[in-house]
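# Fold and contact review
Single-letter residue listing:
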Amino acid sequence: MPVVWDERHRGHAPGAGIWLGVPVPGDEEPERGDALGAALRAAGCELTPATDHGDDPLLRVHSADFVAYLECAHRRWVEEGHVEDPGQPVVVPYVFALRQLTSGRPPHPPAAIRAMAGLYAMDTMTLISAGTYTAARAAVDGALTACDLVLAGAPAAYAAVRPPGHHVGPDFYGGSCYLNNAAVAAQYLRDQGCARVAIVDVDAHHGNGTQEIFYARGDVSYGSAHIDPAHGWFPHYAGFADERGTDAGSEANRNLPLAPGAGDDEWLAAVDALVAEAGEHRPDALVVSLGVDGAADDPNSPFAVTADGYRAIGARLASLDRPTVLVQEGGYVLDTLG
């Protein structure tokens, strides 16, 4: 299987997150991408760098204002003096543009970057460092390069990218994600001639951003197995079983929330259901949001999926027999991630 990996991932180095107001060590750091690259090389894979695809595929999924914010956020943060006052080297939102503040009216654009962050960020964990935008764009291009390989005839291609993306919507970011790599890939496959695309998300957390992007569309289906947000897990506000899509996307969205402690049997049953529904969608191509943070040793979820379980999940996805683009999402234990 061809593999896309790009050293530009190292530009994203936030160093920490703000969890319930407390700085905590970051787990989505350059060492994570390097661990993936090292393991792939050791397995004999030839790593292909991402190729530049320009802005058009990105803007098919994300709003221009949102992309412009991500591109300028850290530069403006420095220019407006926040590295010195209050001494914060990365972009952290501190006030959020809740719709209740303006009775649902669009808020006026704020003058300060420290407030502008709250127009787009959904949490305080997802910090922007000097190289975050470059890395996020390389991740998008990595997913698109994997698409090109599949469109050229490869049965499957793997984009081993970071930062991940499935929590990013049309104009919001969070959950350690900045641009939605899998969603951009799915739209690109559509634009290159695939009439229907299925996305299957096996990350331990619900891909609320991907769901939001395609929720009213019938040409791209979305199915996810993930920790039940009713048990208090991120993203908290989405990922419930009754979210089935709307308008043209009615019944094209499927969430299978799983209880804490779920292992191989529960996960394989859920993936079997997602694969069956994806097949009913009759897709011309498949995009897999490949999170492995459901592994038994990963503290970011309460699941217990084994390495054998992931191999079986892979076999289930392969049974769809569709050109497949796999895009890396979560998975944070460096000793076992590779």
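Refer to the structure presented above.
This report concerns the structure included in the present document. As the structure is a prediction and not an experimental result, all values here were calculated from the model.

Quick look at the environment of E7 now. Counting through the fold element by element, E7 comes out in the loop between β1 (3-4) and β2 (16-19). With a relative accessible area of 53%, E7 lands in the exposed category. Residues E7 and D34, 27 residues apart in the sequence, show an inter-C-alpha distance of 8.1 Å.

Here the focus is a nonpolar patch on the surface. Residues W19, L20 and M125 make up a contiguous nonpolar surface patch of about 360 Å² in total accessible area. Structurally, L20 is set in the loop between β2 and β3 (22-25). Of the residues examined, L20 reaches a relative accessible area of 72% and is grouped as exposed.

Moving on, we come to the packing of helix α3 (residues 64-79) against helix α4 (residues 113-120). Axis separation between α3 and α4 bottoms out at 10 Å; the angle between their running directions is 150°. On the basis of their axis angle, the class for α3 and α4 is roughly antiparallel. Regarding α3 and α4, the two cross each other, and that crossing is left-handed. Across from D65, F66, Y69, A73, R76 and W77 in α3, the residues of α4 making contact are I113, R114, M116, A117 and Y120. Looking at the contact of α3 with α4, its residues break down into eight nonpolar, no polar and three charged.

Let's shift gears to the pattern of salt bridges. Throughout the structure, instances matching the rule amount to 15 salt bridges. When the shortest N-O distance is used, the salt bridge between R60 and D191 registers 2.9 Å. You can see R60 sitting in the loop between α2 (56-59) and α3 and its partner D191 sitting in helix α6 (residues 181-191), a full 131 residues away along the chain. What makes D191 partly exposed here is its relative accessible area of 39%.

Right, let's talk about the packing of aromatic side chains for a bit. Going through the model one piece at a time under the given rule, you end up with six aromatic pairs. Arranged with centres 5.7 Å apart and planes meeting at 50°, the rings of F66 and Y120 form a pair that is tilted. Of this pair, F66 sits in helix α3 while Y120 sits in helix α4, and the two are 54 residues apart along the sequence. Taking relative accessible area as the criterion, F66 reaches 0% and is therefore assigned buried. Taking relative accessible area as the criterion, Y120 reaches 13% and is therefore assigned buried. Site record: aromatic cluster; members linked through ring pairs are F66, Y69, Y120, Y173 and Y178. Geometry around W5 places R41 over its ring, the cationic atom sitting 4.7 Å from the centre.

Strand β6 (residues 197-201) sits mainly inside the fold: five of its five residues count as buried. Neither face of β6 is left uncovered, since the one carrying V197, I199 and D201 and the one carrying A198 and V200 both have all their residues buried. Where β6 and strand β7 (residues 220-227) come together, five bridges link them in parallel fashion. From the neighbouring strand, A198 faces β7, where its bridge partner is S221. Handedness of the crossover joining β6 and β7 through helix α7 (residues 208-214) is recorded here as right-handed. Alignment of β6 against strand β9 (residues 285-290), held across five bridges, turns out to be parallel. Across the sheet, the residue bridging to A198 is L286, located in β9.

Parameters and conventions
Residues numbered from 1 in each chain as written. Predicted model: local features only at pLDDT ≥ 70, side-chain atom pairs only at ≥ 80, totals over all residues. Heavy atoms only, no water. Helix = DSSP H or I, 4+ residues; strand = E, 2+ residues; numbered from the N terminus. Buried < 20%, exposed > 50% of the residue type's maximum accessible area, 1.4 Å probe, protein only. Patch = residues over 30% accessible without salt bridge, like charges linked within 9 Å, V, L, I, M, F, W, Y side chains within 5 Å. Areas by Shrake-Rupley, 256 points an atom, 1.4 Å probe, with all protein chains shown as cover. Salt bridge = Lys/Arg side-chain N within 4 Å of Asp/Glu carboxyl O. Axes fitted to C-alpha atoms, helices over the stretch in contact; angles between N-to-C directions. Parallel < 35°, antiparallel > 145°, perpendicular 65-115°, else oblique. Left-handed = near helix turned anticlockwise from the far one by under 90°. Contact = heavy atoms within 4.5 Å. Nonpolar A, V, L, I, M, F, W, Y, C, P; charged D, E, K, R; others polar. Phe/Tyr/Trp six-rings, centres within 6.5 Å; stacked < 30°, edge-to-face > 60°. Lys NZ or Arg CZ within 6 Å of the ring centre and 35° of its normal. Pairing = 2+ DSSP bridges. Right-handed = clockwise from strand over helix to strand, strands pointing away.

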